[in-house]
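So the chains spell out like this:
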Amino acid sequence: SSLAFIWEDPGFWTGVPDEEGLEGRSTWPLIAILPEAVECKSFTLTVTDACNTAGKLRFGRLFIGMGYQFSHNAEKFSLTNETETEVKAARSGAEHFYRQETYRVVRGDFEYLPFEEVTRKVDAWARRAGIDREVFIVTNPTRDNAMMQWSFMGRFKSLSSLEQQYYDLGNTGFEIKELLG
């Protein structure tokens, strides 16, 4: 919880400690996808950990959100690592770096989707999230080993256009930039 941090701590607003505070602890997300859509006013999470001798657990954050799955796979899908690190060159040619943390970006292009899906579901998803709200992307929930690398909390980098390719088919895409704690 954010209350565990002092006001000046970089993790105060997100509830996530910096690298020093995470030493020796796992920070991978625990992802649970429900088999069916659930609508409720409240949600109870019960965790059982027989190996936990302390008798308590700490969660940095719990994200419960609406799910959406495209009707078919992306034509192109990529994961890149990007950075905002600045490079300044001195007159002598020596380079000086103002390092920023590296973040992941997932890009997906979806072609030949049913046009109704593009205009109703995809458009509603993008309009609701905008570029300022958080989304949690899970690219392939059936592959446990890759799911951790390709799944993260992020925001849309930009809102992609919705295209009508043929009479009843549409195209769209997205870029989601990882949020850093």
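Residues numbered from 1 in each chain as written. Predicted model: local features only at pLDDT ≥ 70, side-chain atom pairs only at ≥ 80, totals over all residues. Heavy atoms only, no water.

### Considerations on the packing of aromatic side chains
The description of two aromatic rings rests on the distance between their centres and on the angle between their planes. Convention followed: Aromatic rings from Phe, Tyr and Trp, taking only the six-membered ring of Trp, are treated as a pair when their centres fall within 6.5 Å; an angle between ring planes under 30 degrees marks them as stacked, one over 60 as edge-to-face, and anything in between as tilted. Under the DSSP-based scheme used, a helix requires at least four consecutive residues in state H or I and a strand at least two consecutive residues in state E, with every element numbered from the N terminus. Relative accessibility thresholds used throughout: buried, under 20% of the residue-type maximum; exposed, over 50%; partly exposed, between the two (1.4 Å probe, protein chains only). The criterion is that NZ of a Lys, or CZ of an Arg, lies within 6 Å of the ring centre and within 35 degrees of the ring normal, and then a charge sits over that ring.
Applying the stated rule across the entire model yields 8 aromatic pairs. With 6.0 Å between their ring centres and 75° between their planes, Phe 70 and Trp 125 make a pair best called edge-to-face. Of this pair, Phe 70 sits in the segment before strand 1 (76-82) while Trp 125 is found in helix 1 (residues 115-129), placing the two residues 55 residues apart along the sequence. Note on accessibility: Phe 70 and Trp 125 belong to one class, buried. By the ring-pair criterion, three or more aromatic residues cluster together here, those being Phe 70, Phe 77, Phe 110, Trp 125, Phe 156 and Phe 174. Against the face of Tyr 103 rests Lys 177, its NZ or CZ located 4.5 Å from the ring centre.

### Some details on empty space enclosed by the protein
Basically, it comes down to this: A cavity here means a set of 1 Å grid points, computed over protein atoms only, where a 1.4 Å probe fits but cannot escape. A pocket is an open set with protein on both sides within 12 Å along at least 5 of 7 lines, and lining residues have an atom within 4 Å of a point. Grid points are joined across faces, edges and corners, and a volume is the space filled by probe spheres set on the points. Residue polarity follows a fixed list, in which Ala, Val, Leu, Ile, Met, Phe, Trp, Tyr, Cys and Pro are nonpolar, Asp, Glu, Lys and Arg are charged, and the others, Gly among them, are polar.
This model, assessed by the stated rule, comprises 1 cavity of 30 Å³ or more. Considered as a void within the structure, the largest cavity measures approximately 70 Å³ in volume. Considering the residues around the largest cavity, the lining is formed by Phe 70, Val 122, Trp 125, Ala 126, Phe 156, Ser 158, Leu 159, Ser 160, Leu 162, Thr 172, Gly 173 and Phe 174. Only helix 1, strand 6 (152-158) and strand 8 (169-178) provide two or more residues apiece to the lining of the largest cavity. The residue inventory of the lining of the largest cavity, partitioned by class, reads 8 nonpolar, 4 polar and no charged.

### A word on the nonpolar core
We count it as follows: The criterion is simple. A nonpolar core is a set of buried Ala, Val, Leu, Ile, Met, Phe, Trp, Tyr and Cys residues joined through side-chain atoms within 4.5 Å. Working rule for contacts: check all heavy atoms of both residues, and any pair within 4.5 Å makes them a contact.
Ranked by size, the top nonpolar core spans 14 residues in total, and within it Phe 70, Trp 125, Val 135, Ile 137, Phe 156, Phe 174 and Ile 176 carry the most contacts. Put simply, the parts of the chain that give this core at least two residues each are strand 4 (103-114), helix 1, strand 5 (135-137), strand 6 and strand 8. Element by element, the count of residues in this core is highest for helix 1, at 4 residues. When residues no more than four places from it in sequence are discounted, the contact partners of Phe 156 are Trp 125, Ala 126, Ala 129, Gly 130, Ile 131, Val 135, Phe 174, Glu 175 and Ile 176.

### Examining helix 1
Filter applied, for reference: By this rule the span expected of a helix is its residue count minus one, scaled by 1.5 Å. Axes are fitted to the seven residues ending at a residue and to the seven starting at it; the angle between these axes is taken as the bend at that residue.
The terminal C-alpha atoms of helix 1 lie 20 Å apart, and with 15 residues this matches the ideal 21 Å at 1.5 Å per residue to within 8%. By the largest-angle criterion, Asp 123 marks the main kink of helix 1, which is about 30°. Taken together, the buried positions of helix 1 are occupied by Glu 117, Val 118, Val 122, Trp 125, Ala 126 and Ala 129. The elements touched by buried residues of helix 1 are strand 4, strand 5, strand 6 and strand 8. At the C-terminal side of helix 1, Gly 130 shows a positive phi close to 55°.

### Things to note about the pattern of salt bridges
It is possible for side chains bearing opposite charge to pair when their charged atoms get close. Spelled out, the test is: Salt bridges are counted wherever a side-chain nitrogen of Lys or Arg sits within 4 Å of a carboxyl oxygen of Asp or Glu.
The final tally for this structure, using the stated rule, is 8 salt bridges. Close ionic contact of Arg 104 with Glu 178 constitutes a salt bridge, the shortest N to O distance being 2.8 Å. One end of the pair, Arg 104, is in strand 4; the other, Glu 178, is in strand 8, and 74 residues separate them in sequence. Of the two residues, Arg 104 and Glu 178, neither departs from the other in class, the shared state being buried. A salt bridge links Arg 120 to Glu 116, with the shortest nitrogen-to-oxygen separation between them at 3.9 Å. Here Arg 120 pairs with Glu 116, and both are found in helix 1, just 4 residues apart, close to one helical turn. Glu 116 carries the same exposure label as Arg 120, and that label is exposed. Connected via shared salt-bridge partners are Glu 82, Arg 107, Lys 157 and Glu 175.

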